[in-house]
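Here is what each chain is made of, one letter per residue.
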Amino acid sequence: MTDDWESFVNSLVEDNTPIPTKPSRNEKRYPCGECSGTGLYQGARIHQQKRHCFACRGKGYFKTDPRKLQKQREARARKREELKAAAMQANIDTGLLDHFKAYNMLE
């Protein structure tokens, strides 16, 4: 049994890949636009002790490019509109809207 345990431990030790515990300094960081990179909320807070920024959660930076995030938001909005239009078309095709118009629910 000890041979199995030791072989298991040795298999773990043989793997020399380091375990990342903190973000490396090589990572690209993009400053938060809401707090100007300070990590502190710039507006007034009444009856609140916390001052951290809501957007970056007090870090002062993001790891993702804001332009990339904006493109993703726009793509999601386009997809949402396409799905909404498809759902409306499906309702028109099944006659569901005519049913609602008969009861004066849609005008």
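Residues numbered from 1 in each chain as written. Predicted model: local features only at pLDDT ≥ 70, side-chain atom pairs only at ≥ 80, totals over all residues. Heavy atoms only, no water.

Describing the overall build of the protein
Regarding its fold elements, the protein presents three helices and two strands. Going from N to C terminus, the protein has its helices and strands arranged as α-β-β-α-α. By the burial criterion, 9% of the 107 residues in the protein qualify as buried. Sequence separation of 24 or more characterises 35% of the internal contacts of the protein that already satisfy a separation of 6 or more. (Helix = DSSP H or I, 4+ residues; strand = E, 2+ residues; numbered from the N terminus. Buried < 20%, exposed > 50% of the residue type's maximum accessible area, 1.4 Å probe, protein only. Contact = heavy atoms within 4.5 Å.)

Description of the state of the cysteines
Scanning all chains against the criterion turns up zero disulfides. Cysteine Cys32 remains unbridged, with the sulfur of Cys35 as its closest cysteine sulfur at 3.7 Å. Here Cys56 is not disulfide-linked; the sulfur of Cys35 is the nearest cysteine sulfur, at 3.8 Å. Residue classification places Cys56 among the buried residues on the basis of a relative accessible area of 2%. (Disulfide = S-S within 2.5 Å.)

What to know about a nonpolar patch on the surface
On the surface, Trp5, Phe8 and Val9 cluster together into a nonpolar patch covering about 320 Å² of accessible area. Mapped onto the elements of the fold, Val9 is located in helix α1 (residues 2-14). (Patch = residues over 30% accessible without salt bridge, like charges linked within 9 Å, V, L, I, M, F, W, Y side chains within 5 Å. Areas by Shrake-Rupley, 256 points an atom, 1.4 Å probe, with all protein chains shown as cover. Salt bridge = Lys/Arg side-chain N within 4 Å of Asp/Glu carboxyl O.)

Observations concerning the confidence of the model for the protein
Of the residues in the protein, 71% have a pLDDT of 70 or more, and the chain-wide mean is 78. Mean pLDDT values over the elements of the protein span from 65, in helix α3 (residues 96-102), up to 90, in strand β1 (residues 30-31). (pLDDT = per-residue confidence, 0-100.)

Notes on the packing of aromatic side chains
The full count for this structure, using the stated rule, is one aromatic pair. Across the ring face of Tyr61, the terminal group of Lys59 is positioned such that the distance to the ring centre comes to 5.5 Å. (Phe/Tyr/Trp six-rings, centres within 6.5 Å; stacked < 30°, edge-to-face > 60°. Lys NZ or Arg CZ within 6 Å of the ring centre and 35° of its normal.)

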